[in-house]
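# Structural characterization, general
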Amino acid sequence: MRTFTDLSHRPVTDAGPTHPVADVHGRPAGLGDPQGRLISYLRVSLTDKCNFKCVYCSPAEEDAPDTLLTRAELARLFALFAGLGVRRLRLTGGEPTLRKDLCEIVADAASTPGIEDVALTTNGHRLAELVEPLHQAGLGSLNVSLDTLRAERLHGVSGRGARLERILHGLEAAAGRFRSLKLNTVVMKGVNEDEVGALVRFAWSLGALPRFIEQMPFSGGEVVPLSAVRARLEAEGFELLPDGWRGWGPARHLRGRDRDGLEGLVGFIGAMTENFCDDCNRARVAADGGFQACLGGHERAPLRELMRAGAGDDALVEAVRAELSHKAPRHRMTEPGLVLLPMRGLGG
Ligand code: SAM
């Protein structure tokens with residue numbers, strides 16, 4: 001029986017890169033930006049198509065299939081970025097499970113020299129049938145978006161095609177199969193604030209890490225500050241203590257225990273109220289092959305066009321470094337009136 005002070009339940013295998021990105025002299029090497037931040041984590045959007053219509057995500061024009069990166073182009077980019085110091089790849093979308101070649105892409109990513117972890121973010125709709133093949137393909141970490149445990153409410157948030165029982169079935173199949181399983185909840189004003197406690201308990205019961213995300217301004221919406229989420233959990237009887245555990249990403253964690261003695265970590269991604277950019281280690285490749293240095297950025301290096309025009313690796317690296325040289329010290333998502341590039345092609 002674990003006690004509140006026993007931290008063995010931390011997902012230690014998800015604790016960041018094991019090999020520091022450094023040159024032979026121990027000096028930091030790889031993809032750096034003007035602030036000296038090193039990129040070790042690349043998020044790759046496999047498609048801008050999605051079978052859910054989440055209210056907080058951006059509507060996107062459906063691209064013709066040939067605008068997406070092919071499996072071979074993706075494999076080339078995985079190797080290129082791994083050679084530059086990227087250690088973790090996250091496959092996202094749109095909805096990445098809509099790609100018929102998803103498991104082959106995961107296998108390519110997992111077998112790329114230098115890559116230590118391959119992660120996937122999904123809405124869970126196809127998860128039950130994919131758990132086994134994804135596991136076989138070498139998937140290490142899984143994030144599933146779960147904004148509510150109420151079927152009707154899910155329809156309101158993500159559209160009539162979103163079926164809660166399918167997601168729950170998928171989560172049941174996935175529990176315990178991957179190095180880490182996280183449940184991501186975008187907290188929406190007046191929509192799901194009342195479920196934060198239930199979502200924490202549900203995640204812990206699966207052995208998963210619940211994480212709350214402040215809504216970013218991709219499609220309107222009012223920010224619920226994570227301080228309010230924390231206050232609500234405490235009002236519901238959760239005891240929450242600071243915990244310094246950091247994974248690969250921007251989440252901060254608290255160690256918690258509910259009234260029944262159930263315990264675990266809770267992650268908070270304060271995109272809006274707690275600017276998390278100081279130690280940003282990530283960059284993104286959008287579904288159209290554009291390399292984007294910042295989630296809140298407006299420019300992309302067109303890697304797909306360059307590859308299709310016959311560019312060699314040196315030219316691709318030059319384009320990536322040029323884009324990275326504009327990476328802002330902090331995102332500008334809190335600026336009033338700022339219109340962001342669509343989330344669906346970028347993948348969070
Ligand atoms: N379709 C997959 C899914 O639902 O997880 C992957 C793509 S989705 C764009 C990736 C993540 O971005 C999800 O966890 C989603 O909740 C989050 N997200 C989308 N729009 C957001 C917003 N406006 N603010 C905060 N998070 C957002």
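Residues numbered from 1 in each chain as written. Predicted model: local features only at pLDDT ≥ 70, side-chain atom pairs only at ≥ 80, totals over all residues. Heavy atoms only, no water.

Under the defined criterion, the tally for this structure stands at 25 salt bridges. Glu-73 is the partner of Arg-308 in a salt bridge, and the nearest nitrogen-oxygen pair spans 2.8 Å. Placement of the pair is Arg-308 in helix H8 (residues 303-308) and Glu-73 in helix H1 (residues 71-83), with a sequence separation of 235 residues. By relative accessible area, which is 12% here, Glu-73 ends up buried. A salt bridge links Arg-76 to Asp-313, with the shortest nitrogen-to-oxygen separation between them at 2.9 Å. One end of the pair, Arg-76, is in helix H1; the other, Asp-313, is in helix H9 (residues 313-324), with 237 residues separating them in the sequence. (Salt bridge = Lys/Arg side-chain N within 4 Å of Asp/Glu carboxyl O. Helix = DSSP H or I, 4+ residues; strand = E, 2+ residues; numbered from the N terminus. Buried < 20%, exposed > 50% of the residue type's maximum accessible area, 1.4 Å probe, protein only.)

Every one of the 19 residues lining the ligand counts as a neighbour, but Tyr-56, Gly-94, Glu-95, Ser-145 and Met-216 are closest to it. Between the ligand and the protein, one listed contact pairs a nitrogen atom with a side-chain N or O atom of Glu-95 at 2.9 Å. For the ligand, an oxygen atom lies 2.6 Å from a polar atom in the side chain of Ser-145. Relative to its unbound accessible area of 550 Å², the ligand is 95% covered by the protein chains. Among the secondary structure elements, those contributing two or more residues to the shell around the ligand are strand S3 (117-122), strand S5 (180-187) and strand S6 (209-214). Taken together, the residues that form the shell around the ligand break down as seven nonpolar, 10 polar and two charged. (Near = heavy atom within 4 Å. Polar contact = N/O pair within 3.5 Å; in protein donor to acceptor, adjacent residues only side chain to side chain. Areas by Shrake-Rupley, 256 points an atom, 1.4 Å probe, with all protein chains shown as cover. Nonpolar A, V, L, I, M, F, W, Y, C, P; charged D, E, K, R; others polar.)

Inspection of every chain in the model, using the stated rule, returns three aromatic pairs. Judged by centre distance (5.9 Å) and plane angle (65°), the ring pair of Trp-204 and Phe-238 falls under edge-to-face. Remark: Phe-238 occurs in the loop between helix H7 (226-235) and strand S7 (239-243) and Trp-204 occurs in helix H6 (residues 196-206); sequence separation between them is 34 residues. You can call Trp-204 buried: its relative accessible area is 8%. Ring centres of Phe-212 and Phe-268 lie 6.2 Å apart, and the angle between their planes is 45°; this geometry places the pair in the tilted category. One end of the pair, Phe-212, is in strand S6; the other, Phe-268, is in strand S9 (residues 263-269), with 56 residues separating them in the sequence. (Phe/Tyr/Trp six-rings, centres within 6.5 Å; stacked < 30°, edge-to-face > 60°.)

Two numbers describe how H6 lies on H7: the axes approach to 9 Å, and their chain directions differ by 80°. As the angle between them shows, H6 and H7 are arranged roughly perpendicular. Counting all contacts with H6, which are made through Val-196, Gly-197 and Val-200, the residues of H7 involved are Val-229, Arg-232 and Leu-233. Of the residues that constitute the contact of H6 with H7, the class distribution is four nonpolar, one polar and one charged. (Axes fitted to C-alpha atoms, helices over the stretch in contact; angles between N-to-C directions. Parallel < 35°, antiparallel > 145°, perpendicular 65-115°, else oblique. Contact = heavy atoms within 4.5 Å.)

Considering the arrangement of structural elements, one finds Pro-225 in the loop between S6 and H7. A relative accessible area of 30% places Pro-225 in the partly exposed class. Between the alpha carbons of Pro-225 and Thr-273 there is a distance of 6.4 Å; along the sequence they are 48 residues apart.

Let us now look at the environment of Val-229. Checked against the element boundaries, Val-229 lands in helix H7. Classification of Val-229 as buried rests on a relative accessible area of 2%. Along the sequence, Val-229 and Glu-193 sit 36 residues apart, while their C-alpha atoms lie 7.3 Å from each other. With residues near it in sequence (within four places) discarded, Val-229 still touches Val-187, Val-196, Phe-212, Val-224 and Phe-268.

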